[in-house]
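Observations on chain architecture
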Amino acid sequence: MSSDEEEKIKNEERIKQMARVVCICKGINLGKVLKGMEGCSTVAEVNRATGCGTGGCQGQRCGPRIKMLLEKMSQTK
Ligand code: FES
């Protein structure tokens with residue numbers, strides 16, 4: 001497999017990951033959450049920036065995912 005083909009497959013995987021839904025109630029995907037997370041350090045801040053946590057479950061499902069993403073982001077800084 002050529003490096004161009006490998007890069008194309010990696011890009012497709014990145015796009016698929018970004019399209020994954022983080023907040024099921026509001027249909028907010030990972031790409032939007034990651035963009036909204038910039039400068040945020042708490043789940044509440046991310047919720048305000050993205051609209052996550054305002055759906056029917058009030059963040060019971062997406063809150064833990066956002067918390068995990070914040071932890072991962074802080075580890076990579
Ligand atoms: S999954 Fe986000 S508010 Fe329910």
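Before any of the text, the structure's been laid out above.
Residues numbered from 1 in each chain as written. Predicted model: local features only at pLDDT ≥ 70, side-chain atom pairs only at ≥ 80, totals over all residues.

A closer look at the overall build of the protein chain
Helices and strands together make up the secondary structure of the protein chain, namely 4 helices and 2 strands. When its helices and strands are written in sequence order, the protein chain yields α-β-β-α-α-α. With the C-alpha coordinates of the protein chain rotated into their principal frame, the extents come out at 45 × 30 × 15 Å. Considering only contacts within the protein chain whose residues lie at least 6 apart along the sequence, 40% involve residues at least 24 apart. (Helix = DSSP H or I, 4+ residues; strand = E, 2+ residues; numbered from the N terminus. Contact = placed C-beta atoms within 7 Å.)

Side note on the nonpolar core
Counting 8 residues, the largest nonpolar core consists of Val22, Cys23, Ile28, Val33, Val46, Cys52, Cys62 and Ile66. For this core, the elements supplying multiple residues, two or more each, are β1 (21–23) and α4 (62–76). Dropping the residues within four chain positions of it, Val22 is found in contact with Ile28, Asn29, Leu30, Val33, Cys52, Cys62, Arg65 and Ile66. (Core = buried A, V, L, I, M, F, W, Y, C linked by C-beta atoms within 7 Å. Buried ≥ 20, exposed ≤ 12 C-beta atoms within 10 Å, placed from the backbone.)

Let's talk about unusual backbone geometry
For Gln58, which is not glycine, the phi torsion reads 55° and is therefore positive. Along the chain, Gln58 turns up in the loop between α3 (43–50) and α4. Judged by C-beta crowding, with 12 C-beta atoms within 10 Å, Gln58 ranks as exposed.

A word on the environment of Gly63
Considering the arrangement of structural elements, one finds Gly63 in helix α4. Residue classification places Gly63 among the partly exposed positions, given that 18 C-beta atoms sit within 10 Å.

Some points on helix α1 (residues 3–19)
Helix length check: α1 (17 residues) gives 24 Å between terminal C-alpha atoms against 24 Å at 1.5 Å per residue, within 8%. The element α1 is largely exposed, with a buried count of 0 among its 17 residues. (Expected span 1.5 Å × (residues − 1).)

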